[in-house]
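One-letter residues, chain by chain:
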Amino acid sequence: MAKHILIVDDSKTVRNLVAFIMKKEGFKVTMAEDGLDGLEKLYASTGIDLIISDINMPRMDGYTFIKTVREQDNYRDVPIVVLSTEGQEKDIQAGLNLGANMYMVKPAQPEKMLRNVKMLLG
Ligand SMILES: [Mg+2]
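Keep in mind it's a predicted model, so treat the numbers as computed, not measured.

Caption draft 1: Spatial organisation of helix H5 (residues 110–121). Between its terminal C-alpha atoms H5 stretches 16 Å, which fits the 16 Å expected from 12 residues at 1.5 Å a residue. When H5 is considered as a whole, its buried residues turn out to be Met113, Leu114, Asn116, Val117 and Leu121. Here the buried residues of H5 occupy an arc of 165° about the axis, which is enough to place them on one side. Turned more than 90 degrees from where H5 packs its buried face, Glu111, Arg115 and Met119 sit exposed. For H5, the elements touching its buried residues are strand S1 (4–8), helix H1 (12–24), strand S3 (50–53), strand S4 (80–84) and strand S5 (102–105). Where H5 terminates, the next one or two residues include Gly122, which has phi positive at roughly 70°.

Below, the structure is given as structure tokens:
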């Protein structure tokens with residue numbers, strides 16, 4: 001069965017681009033437009049295998065989203081990749097400290113994104 005990836009980003013352009021890259025590779029994709037929407041979509045889906053999340057988003061940012069996901073036993077182990085324009089060391093550390101497995105700075109090369117996603121999916 002196809003692995004299911006949740007893409008959380010307030011930019012429709014980024015969401016659609018990442019979704020295109022993942023779908024082309026055979027992954028199933030669900031999209032959310034901010035952290036709150038991401039939580040709703042996560043709870044509504046039975047098998048999210050990996051999350052790709054932005055940081056700067058309205059309503060609920062990526063830091064709060066990741067923290068909330070990680071606080072729950074059910075989602076303690078789901079791989080999370082941050083995809084953000086914020087590329088400073090403090091941003092990267094904050095993301096990783098909250099429980100993200102990987103931090104990628106936009107714009108990320110599709111090949112590199114796919115390589116990382118596949119690695120995290122084992
Ligand atoms: Mg954003």
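Caption draft 2: Layout of the coordination of the magnesium ion. In this structure, Asp10 (OD), Asp54 (OD) and Asn56 (O) serve as the protein donors to the magnesium ion, at separations of 2.0 to 2.2 Å. Here the donor residues of the magnesium ion are spaced in sequence according to D-x43-D-x1-N.

Caption draft 3: Representation of the packing of helix H2 (residues 35–44) against helix H3 (residues 62–70) within the structure. Where H2 meets H3, the axes come as close as 9 Å, and the angle between the chain directions of the two elements is 30°. The angle between H2 and H3 places the two elements in the roughly parallel class. Considering the relative orientation of H2 and H3, their crossing is right-handed. Contact residues: H2 offers Gly35, Gly38, Leu39, Leu42 and Tyr43, while H3 offers Phe65, Thr68 and Val69.

Caption draft 4: Layout of the pairing of strand S2 (residues 28–32). With 5 bridges joining them, S1 and S2 adopt parallel strand pairing. Across the sheet, His4 pairs through a bridge with Lys28, a residue of S2. Between the parallel pair S1 and S2, the chain is carried across by H1, and the sense of this crossover is right-handed.

Caption draft 5: Just the pattern of salt bridges, in detail. Using the criterion set out here, one finds 8 salt bridges in the structure. Residue Asp9 pairs with Lys106 through a salt bridge whose shortest N-O separation is 2.9 Å. Note that Asp9 is positioned in the loop between S1 and H1 and Lys106 in the loop between S5 and H5, a separation of 97 residues in sequence. The exposure classification of Asp9 matches that of Lys106, with both residues buried. The salt bridge partner of Arg76 is Asp73, with a shortest N-O separation of 2.8 Å. Given the relative accessible area of 42%, Arg76 is considered partly exposed.

Caption draft 6: Layout of the sheet that holds S2. Spatial strand order, S2-S1-S3-S4-S5: 5 strands in an open sheet with parallel pairing. Whereas interior strands pair on both sides, the edge strands pair on one side only; in this sheet they are S2 and S5. Along the sheet, successive strands turn relative to each other by an average axial angle of 20°, direction set aside. Here S3 runs beside S4; their pairing, made up of 3 bridges, is parallel. From the neighbouring strand, Ser53 faces S4, where its bridge partner is Val82. Across the sheet, H5 touches S1, S3, S4 and S5, and the angle it forms with S5 is around 170°.

Procedures and definitions
Residues numbered from 1 in each chain as written. Predicted model: local features only at pLDDT ≥ 70, side-chain atom pairs only at ≥ 80, totals over all residues. Heavy atoms only, no water. Helix = DSSP H or I, 4+ residues; strand = E, 2+ residues; numbered from the N terminus. Expected span 1.5 Å × (residues − 1). Buried < 20%, exposed > 50% of the residue type's maximum accessible area, 1.4 Å probe, protein only. Arc of directions from axis to C-beta. Contact = heavy atoms within 4.5 Å. Donors = N, O, S within 2.8 Å, 3.2 Å for Na, K, Ca; no water. Axes fitted to C-alpha atoms, helices over the stretch in contact; angles between N-to-C directions. Parallel < 35°, antiparallel > 145°, perpendicular 65-115°, else oblique. Left-handed = near helix turned anticlockwise from the far one by under 90°. Pairing = 2+ DSSP bridges. Right-handed = clockwise from strand over helix to strand, strands pointing away. Salt bridge = Lys/Arg side-chain N within 4 Å of Asp/Glu carboxyl O.

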